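# Structure at a glance
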Amino acid sequence: MNKMFCFQCEQTAMSTGCTGNAGVCGKKSDTANLQDKLTGALIGLACAVKTSSATATTDKLMLSGLFTTITNVNFNNETINELTEEITKEKVKLSNTCLDYDMQNLWNDQEDIRSLKSLILFGLRGVAAYAYHAMVLGYKDEQVNNFFYEGMSAISNSNATVESLLPLVLKTGEINLTCMALLDKANTDSFGIPVPTTVPLTVEKGPFIVITGHDLYDLKLLLEQTANKGINIYTHGEMLPAHAYPELKKYPHLKGNFGTAWQNQQKEFDNLPAPILFTTNCLMPVRPSYADRVFTTEVVSYPEIVHIGENKDFTPVIDKALALGGYTEDTEFTGINGGNTVTTGFGHGTILGVADKVVSAVKTGAIKHFFLVGGCDGAKTGRNYYTDFVKLTPPDSIILTLACGKYRFNDLDLGTIGGLPRIMDMGQCNDAYGAIKVAVALSEAFNCTVNELPLSFILSWYEQKAVCILLTLLHLGVKNIYLGPTLPAFLSPNILKFLVENYNISPISTPEKDLKKILG
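Structural notes, computed from the coordinates.

Reading the values: rules and limits
Residues numbered from 1 in each chain as written. Predicted model: local features only at pLDDT ≥ 70, side-chain atom pairs only at ≥ 80, totals over all residues. Heavy atoms only, no water. Phe/Tyr/Trp six-rings, centres within 6.5 Å; stacked < 30°, edge-to-face > 60°. Helix = DSSP H or I, 4+ residues; strand = E, 2+ residues; numbered from the N terminus. Buried < 20%, exposed > 50% of the residue type's maximum accessible area, 1.4 Å probe, protein only. Arc of directions from axis to C-beta. Disulfide = S-S within 2.5 Å. Pairing = 2+ DSSP bridges. Salt bridge = Lys/Arg side-chain N within 4 Å of Asp/Glu carboxyl O. Contact = heavy atoms within 4.5 Å. Axes fitted to C-alpha atoms, helices over the stretch in contact; angles between N-to-C directions.

### Structural notes on the packing of aromatic side chains
Think of a pair of aromatic rings as described by two things: how far the centres are apart, and how the planes are tilted against each other in angle. Using the criterion set out here, one finds 22 aromatic pairs in the structure. Ring plane angle 85° and centroid distance 6.0 Å describe the contact between F7 and F122, whose orientation is recorded as edge-to-face. Of the two residues, F7 sits in the segment before α1 (29-51) while F122 sits in helix α5 (residues 111-136), which places them 115 residues apart along the sequence. Neither residue differs from the other here; F7 and F122 are each classed as buried.

### A look at helix α17 (residues 493-503)
Burial in α17 covers these residues: I495, L499 and Y503. Looking straight down α17, one finds that the buried residues subtend no more than 40° of arc, so they occupy a single side. In α17, those exposed residues whose orientation departs by more than 90 degrees from the buried face are P493 and E501. N504 occupies a position one or two residues after α17 and carries a positive phi of about 55°.

### Points about the state of the cysteines
Scanning the entire structure with this criterion turns up one disulfide. With its sulfur 2.2 Å from that of its partner, C47 forms a disulfide with C98. As the torsion about the S-S bond is roughly -65°, the C47-C98 disulfide counts as left-handed. One end of the pair, C47, is in helix α1; the other, C98, is in the loop between α3 (77-94) and α4 (104-107), and 51 residues separate them in sequence. Overall, C98 belongs to the buried group, its relative accessible area being 5%. Cysteine C9 is unpaired, with the sulfur of C25 as its nearest cysteine sulfur at 6.1 Å. Taking relative accessible area as the criterion, C9 reaches 7% and is therefore assigned buried.

### Quick look at the pairing of strand β6 (residues 294-297)
Residues V294 and T296 point to one face of β6 and F295 and T297 to the other, with burial holding for every one of them. Relative to β6, strand β5 (residues 276-278) runs parallel, the two being bridged by three bridges. Its bridge partner being in β6, F278 is matched across the sheet by T296. When β6 meets strand β7 (residues 306-308), the two strands line up parallel, connected through three bridges. Residue pairing for β7: F295 is matched across the bridge by V306.

### Topic: the pattern of salt bridges
By the definition in use, this model includes 20 salt bridges. Here D100 ties to K91 by a salt bridge, and the two come within 2.8 Å at their closest N and O atoms. On the accessibility criterion, K91 (7% relative accessible area) is buried. In this structure, K312 engages E298 in a salt bridge whose closest nitrogen and oxygen atoms are separated by 2.9 Å. You can see K312 sitting in the loop between β7 and α11 (315-324) and its partner E298 sitting in the loop between β6 and β7, a full 14 residues away along the chain.

### Describing the sheet that holds strand β13 (residues 423-425)
Strands sit in the order β13-β10-β9-β14-β15-β16 across an open sheet of six strands; the sheet is parallel. Looking at the sheet topology across the chains shown, the edges are occupied by β13 and β16 (506-507). For strand β14 (residues 455-460) and strand β15 (residues 482-484), the ladder comprises three bridges, and the chain directions are parallel. Among the inter-strand pairings, I458 is bridged to a residue of β15, identified as Y482. Across the sheet, helix α14 (residues 384-392) lies against β9 (369-375), β10 (397-401), β13, β14 and β15, angled at about 155° from β14, the strand it touches most.

### Considering unusual backbone geometry
Among all residues except glycine, the phi angle is most often negative; among peptide bonds, the trans geometry is most common. A cis geometry characterises the amide bond from N281 onward to C282, with omega recorded as 15°. Positive phi, close to 55°, is recorded for E298, a residue that is not glycine. Judged by relative accessible area, E298 falls into the partly exposed class, the value being 22%.

Printed below as a string of structure tokens:
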């Protein structure tokens, strides 16, 4: 008998599912089973809301619960149990007839039904992360919140068919587009429109704090609380794009970026003379050499690690930074290709602001192709594909990128075309919304469809936010997507066949073969 079952991430064991004492991510079997119990409680809550009505409390519980079950967010049985109890109490207030759902029913369902329900569930987990970040900034959308209950209810529908589930899969992508637009507005209203910014990778001497994850509001609070304290702040992972927001970059002690993508943290944080604050995923199992300097906040949780609660008092992090003292002299680091700076801030506002230059460059032949190369990074072999792919792209092409997959190549200098850098970092994974806006604007400028543009999507995936972005692209009818390094284990042969036949999704092969196929 399996001790656990989880196949929601790209690294799942044998590309089929983690079933032993622990998952590849480091999540232990008892934690995985408690997350299943939590998910079953959320489905019960969705049932209760259908018999009553949603409230601000149920909305927050739904977002928190779904976010908690994203890969590399929560490894703490105690906090998972506490959240499950909260959800159950709220459910009983609304209805005493709605039972929690047994996730074994899903994992043992007919493979096509399981595949489609998994796409909905994992997609909703990704959407919930974006809705949660928007909620923190005071932004919400009733249509988005209501769909969580609709989608979660569908998981428990024993009469569901392929024909009834397929529209819900695409609707998940549609709702995610709305949610990403909401978060884009929340971020730009709160922190300004990103501007191109070169970010150093050198860490200056003295006390410092590394902040990782995606929550820009947490960064703002940390910057405020560390002002004039002689402590510098360095972003890590998906927090890199923060440097481009005017209301964040105005703080002089926001100095640079430390490290590369999430999967390298156990090596990069080893004996680091500074604390690390995790605001979201991706958290890996914490090693003893730096366990005393890791802090979590929001839905991130790990056993025996200090958690910063809702009061957002970062004093413990600040005190740890002062006690550790940082490096005794300026310390130089590089990206994986040897570069000592990276550039970010090419959001849709910036790119569309020079749309006339872009269109002119395409018409004159200076730009012949656009590649969106982005998504999640990860530890599985084969991800060097994305580095090699970008290096092999012709000099008359532009590379748009986003999310942590960019660390495979964002320190490369590929030159410029007409004053435009060939590599443009559009931001975090949710900034896929900006890439979509750019693609739509280009299609309108050239009076064609997005699929007719000289634009190719080369995507890497790891966790559930990548799933909801993929569903958004499918909702928009985007075709010819290259996906890797492996295809999702939760896609059954029939559902994969459907995606190939209707959207021409292709697994990546080699950079040389794929470029030849794309460019002819």
